[in-house]
Amino acid sequence: MALRHFGAAAAATIALAICASPARAVTEIQWWHAMTGGNNDVVVKLANDFNASQSDYKIVPTFKGSYADTLNAGIAAFRAGNAPGIMQVFEVGTATMMAAKGAIKPVFELMKEQGEKFDPNSYLPAITGYYSTSKGEMLSFPFNSSSMVLWVNLDALKEAGIAEPPKTWPEVFADAKKLHATHPTCGFSSSWITWGLIKQFSAWHNVPIGTKANGLDGFDTVLKFNTPLEEKLISELAELQKDKSYDYSGRTNTGEGRFTSGECPLYMTSSAFYPSVKANAKFAYTAVPMPYFPDVKDAPQNSIIGGASLWVMAGKSADEYKGIAKFFTFLSDTDRQVYLHEVSGYLPITKAAYEKTKESGFYDKNPILEVPLKELTNKPPTENSRGLRFGGMVQMRDVWSEEIEAALAGKKSAKQAMDDAVSRGNAMLRQFERTAAK
Amino acid sequence: MEDRAIFSNKLLAYLLVLPQLAVSLVFFYWPAVQAVWQSFLLQDAFGLSTEFVWFENYVALLKTPEYYHAIGVTFVFSGLVVFFSLAIGLLLAVMANHNIRGVQIYRTFLIIPYAVAPAVASVLFIFMFQPGLGMIARALQRYGIDWNPVLNGTHAMILVVIVAVWNQISYNFLFFLAGLQSIPKSVIEAAAIDGARPVRRFWTIVFPLLSPTTFFLIVINITYVFFNTLGIIDTATGGGPNGATQTLVYKVFQDGKVGADLGGSAAQSVILMIIVVILTAFQFRYVEKKVHY
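**Re the overall build of chain A**
Piece 1. Along the backbone of chain A there are 20 helices and 10 strands.
Piece 2. Taken over the C-alpha trace, chain A has a radius of gyration of 24 Å; the compact-globule value for 438 residues is 22 Å, and the two agree within 12%.
Piece 3. Here the C-alpha coordinates of chain A stretch approximately 75 × 50 × 50 Å along the principal axes.
Piece 4. By the burial criterion, 52% of the 438 residues in chain A qualify as buried.
Piece 5. Restricting to contacts in chain A with at least 6 residues of sequence separation, those with at least 24 account for 76%.

Pasting the structure below:
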């Protein structure tokens, strides 16, 4: 009985669909992303708003798990011949995507072909530089960007008799030791260990991570961050780790709760941590720019971004490309960027959106959200601070983390650990170069 | 002389094994052959360029010190997990085999952990063992133990062993309990009349009679610990710190899925397959001789 009803219902639905189908078919565009919680709602809202704004294209967002899961799902789908139209890929996967020439459609090319208004200069160079060729051609569309800042528990500082938040690494080390008296399990800690201690650290001090402008100018890049400066940072932290003045919190951001719970009064992590701090911290807090070594000539230079961008996959129909180009124009709209910035805590990608937010007085009420933007635009980016592009970065950051862990645990000297991180990383780069060069 | 079931019609016999053969072919032999083929290739992540490189992936693998480290980690990890999950499973089965009040309830609860997915089990234990937040971690710190699995490799190993053992005990418990219940009461009673105390009865009568079960469980547990603990390690430690919990199967996953190096990863899984085949063959050749059926 149920089956018969179902059959009848199905027949009716099909009949209706045939009668009701409009003269113009709607082109569906799959958008795979990795956004959870409030940011997932933002993605859905963006798709809905775009779909409501016109009737030719329909963006269908699908959550695919973590950043790494989404990238893997996209790679597997491409190998099976059904990749999505748009894929959100974290900044770490940029080189992997870039090297896959037959798998992607560069954004600058797409916008030109589809005749959409597109001025690369209207975007913040500190953000688009990360996703552009050395000639300034934008390959992917920046979606959610953040930078790294130092989160400070002001109450704890006052309690320890520290007048103001630290600006330099020597001040951070000294403050961490003072805070140790009141916070014996953790004076200072950090998340996203390789992003903060190697990538941001190098850009902020205007020193190279690797040759060829950190890999932006070619896959034949060689790592060279095993410098006395990097070793000084790691060995200082290893020294502080002994009595937990600095305490390691893991490779990703799982340790961030140690700041909001009040356990670690100084905590270096992403600016995108802001919504959590706002919701959970029961003490006076602020965020300040990352510390630097004052004896380095150019420091502080400018910071680099983290986050993700949208990649367009190759082999789609002309209709789909038209829709994707229109969607990117829709996303670049100033008011929409302002809204996204204020609601998600991620950075605006256009200069106009930044200016508009500034003029509206938003940063007077939310100064913390401007800190990462000030870091990114602190100085015009140099070869060392425009970004980085190393093949196999998804796994390489685990290799670097392993070596940092060995140094912090006292199993290796800082020099040995950084030398090993560089040589293991170089082996991975050579393998990547070999498979990508063709 | 071998015992042989008699089938008058050979065709029927082949028909009966056919489904099992088909499943093995599709889900075991076909992927295994593909892995061997893939291990001779060098490919980019998207499969856009492919180069046949003979044994280069194997040579590169055998040159990396991390690979030998992973072999060592795997043997330590599997030894600990197999021993403790069997020992605790047997202990619980012996206890639950007594006629005590509410024995059915105990038995049911002892089986539940097996229904928990490995990754979820890891999350449960992370809640308890996370330094600074977890209950057990805080208790340990109160007693002066500087519990820190994020940086201390030994602590990380202890953590994944605990989760893997906890997850596997139920399975072992179930089989040991069934084994215990199939031992004839009369044998044990006879021993009791002869004056053997419970401990002596256990080691001289029960344990030898359980040997088929124990042997079966050793084989199954080794396979479990070599392959199925991937989710536990990924969730609890991610192979860290500094490779302290990176087992062979986790390295296969890391290099293949995270590093997108399918060739190198396939070479590792071929070697892993050979190791497990040798181990199992060894068990059937030598250990099985000590089994009384």
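**Topic: the overall build of chain B**
Piece 1. Across its full length, chain B holds 13 helices and 2 strands.
Piece 2. Reported as C-alpha extents along the three principal axes, the dimensions of chain B are approximately 75 × 70 × 30 Å.
Piece 3. Buried positions account for 34% of the 293 residues belonging to chain B.
Piece 4. Taking all contacts inside chain B whose residues are at least 6 apart in sequence as the whole, residues at least 24 apart take part in 69%.

**Focus: the interface of chain B and chain A**
Piece 1. Residue-level contacts link 24 residues of chain B with 34 residues of chain A.
Piece 2. Mapped onto the side of chain B that touches chain A, the elements with two or more residues apiece are strand 1 (41-43) and helix 12 (248-258) of chain B.
Piece 3. When grouped by side-chain class, the residues that make up the side of chain B that touches chain A number 10 nonpolar, 11 polar and 3 charged.

**Digging into unusual backbone geometry**
Piece 1. In this chain, A299 of chain A is followed by P300 of chain A through a cis amide linkage whose omega measures -5 degrees.
Piece 2. Of note, P300 of chain A is situated in the loop between strand 9 (285-288) and strand 10 (306-313).
Piece 3. Here the residue pair G240 of chain B and P241 of chain B is connected by a cis peptide bond, since its omega of -10 degrees sits within 30 degrees of zero.
Piece 4. Locating P241 of chain B in the fold gives a position in the loop between helix 11 (230-236) and helix 12.
Piece 5. Despite not being glycine, N206 of chain A shows a phi value in the positive range, around 55 degrees.
Piece 6. Structurally, N206 of chain A can be placed in the loop between helix 9 (193-204) and helix 10 (211-214).
Piece 7. Within the chain, K212 of chain A stands out as a residue other than glycine whose phi angle is a positive 55 degrees.
Piece 8. With respect to the helices, strands and loops of the structure, K212 of chain A is situated in helix 10.

**Section: the nonpolar core**
Piece 1. Of all hydrophobic cores here, the largest spans 134 residues; its most connected members are W151, I234, L266 and I324 of chain A.
Piece 2. When residues in this core are grouped by element, the largest group, 9 residues, is from helix 19 (residues 393-408) of chain A.
Piece 3. Among residues more than four places away in sequence, those in contact with L266 of chain A are L150, V152, V172, D175, A176, L179, G187 and F188 of chain A.
Piece 4. If you look at the next biggest cluster of nonpolar residues, it comprises 41 residues, including L90, V165, F173 and V225 of chain B.

**Thoughts on the domain arrangement of chain A**
All names here are of chain A.
Piece 1. Along its sequence, chain A is carved into domain 1 (14-146 + 305-368) and domain 2 (148-302 + 390-436).
Piece 2. Its C-alpha centre places domain 1 at a distance of 30 Å from the equivalent point of domain 2.
Piece 3. Sort the elements by how many residues they give to the side of domain 1 that touches domain 2 and helix 4 (residues 94-99) lands first, with 3 residues.
Piece 4. Here the residues of the side of domain 1 that touches domain 2 sort into 7 nonpolar, 7 polar and no charged.

**Thoughts on the confidence of the model for chain A**
Piece 1. Per-residue confidence for chain A averages 90 on the pLDDT scale, and 94% of its residues sit at or above 70.
Piece 2. In this model, residues 13-23 of chain A is a region of pLDDT below 50 whose contacts with residues beyond four sequence positions or in other chains number 0 contacts.

**Brief notes about the sheet that holds strand 9 of chain A**
Residues and elements named next belong to chain A.
Piece 1. Strand order in the open sheet formed by 4 strands is 7-8-6-9, and the pairing between neighbours is mixed. Taken across any chain shown, the strands that pair with only one partner, and hence form the sheet edges, are strand 7 (188-190) and strand 9. Ignoring which end each strand starts from, the neighbouring axes of this sheet average 25 degrees apart.
Piece 2. Inspection of the sheet shows strand 6 (residues 148-153) paired to strand 8 (residues 266-270) by 5 bridges, in the antiparallel sense. The residue bridging W151 from the neighbouring strand is Y267, located in strand 8.
Piece 3. The strands touched by helix 9 are strand 6, strand 7 and strand 8; relative to strand 6, the strand with the most contacts, the crossing angle is about 115 degrees.

**Comments concerning the packing of helix 11 (residues 228-241) of chain A against helix 19 of chain A**
Think of two packed helices as two axes; the pair is described by the angle between the axes and how far apart they sit.
Residues and elements named next belong to chain A.
Piece 1. As a packed pair, helix 11 and helix 19 sit with axes 8 Å apart at the nearest point and diverge in direction by 50 degrees. When the axis of helix 11 is compared with that of helix 19, the two are oblique. In this structure, helix 11 contributes I234, L237, A238 and Q241 to the contact, and helix 19 contributes I404, A407 and L408.
Piece 2. Across the contact of helix 11 with helix 19, the residue classes break down as 6 nonpolar, 1 polar and no charged.

**Observations concerning the packing of helix 7 (residues 153-181) of chain B against helix 10 (residues 211-228) of chain B**
Residues and elements named next belong to chain B.
Piece 1. Relative to each other, helix 7 and helix 10 sit at 160 degrees, their axes nearing to 11 Å. Compared by their axis directions, helix 7 and helix 10 come out roughly antiparallel. Where helix 7 crosses over helix 10, the two elements pack in a sense that is right-handed. Contacts between helix 7 and helix 10 involve A164, Q168, N172, F175, F176 and G179 from the former and T213, L217, N221, Y224 and V225 from the latter.
Piece 2. Class assignment of the residues belonging to the contact of helix 7 with helix 10 gives a composition of 6 nonpolar, 5 polar and no charged.

**Examining the confidence of the model for chain B**
Piece 1. Within chain B, residue pLDDT values average 89, and 98% of them lie at 70 or more.
Piece 2. With pTM at 0.87, the complex prediction returns an ipTM value of 0.84.

**Comments concerning the pairing of strand 6 of chain A**
Piece 1. Most of strand 6 of chain A sits inside the fold, with 6 of its 6 residues counted as buried.
Piece 2. Side chains M148, L150 and V152 of chain A of strand 6 of chain A all project onto a buried face; the interleaved residues V149, W151 and N153 of chain A project onto the opposite face, where all are buried too.

Criteria and thresholds
Residues numbered from 1 in each chain as written. Chains lettered and ligands numbered in written order. Predicted model: local features only at pLDDT ≥ 70, side-chain atom pairs only at ≥ 80, totals over all residues. Helix = DSSP H or I, 4+ residues; strand = E, 2+ residues; numbered from the N terminus. Rg over C-alpha atoms; globule rule 2.2 N^0.38 Å. Buried ≥ 20, exposed ≤ 12 C-beta atoms within 10 Å, placed from the backbone. Contact = placed C-beta atoms within 7 Å. Nonpolar A, V, L, I, M, F, W, Y, C, P; charged D, E, K, R; others polar. Core = buried A, V, L, I, M, F, W, Y, C linked by C-beta atoms within 7 Å. Domains from an automatic or database assignment. pLDDT = per-residue confidence, 0-100. Pairing = 2+ DSSP bridges. Axes fitted to C-alpha atoms, helices over the stretch in contact; angles between N-to-C directions. Parallel < 35°, antiparallel > 145°, perpendicular 65-115°, else oblique. Left-handed = near helix turned anticlockwise from the far one by under 90°.

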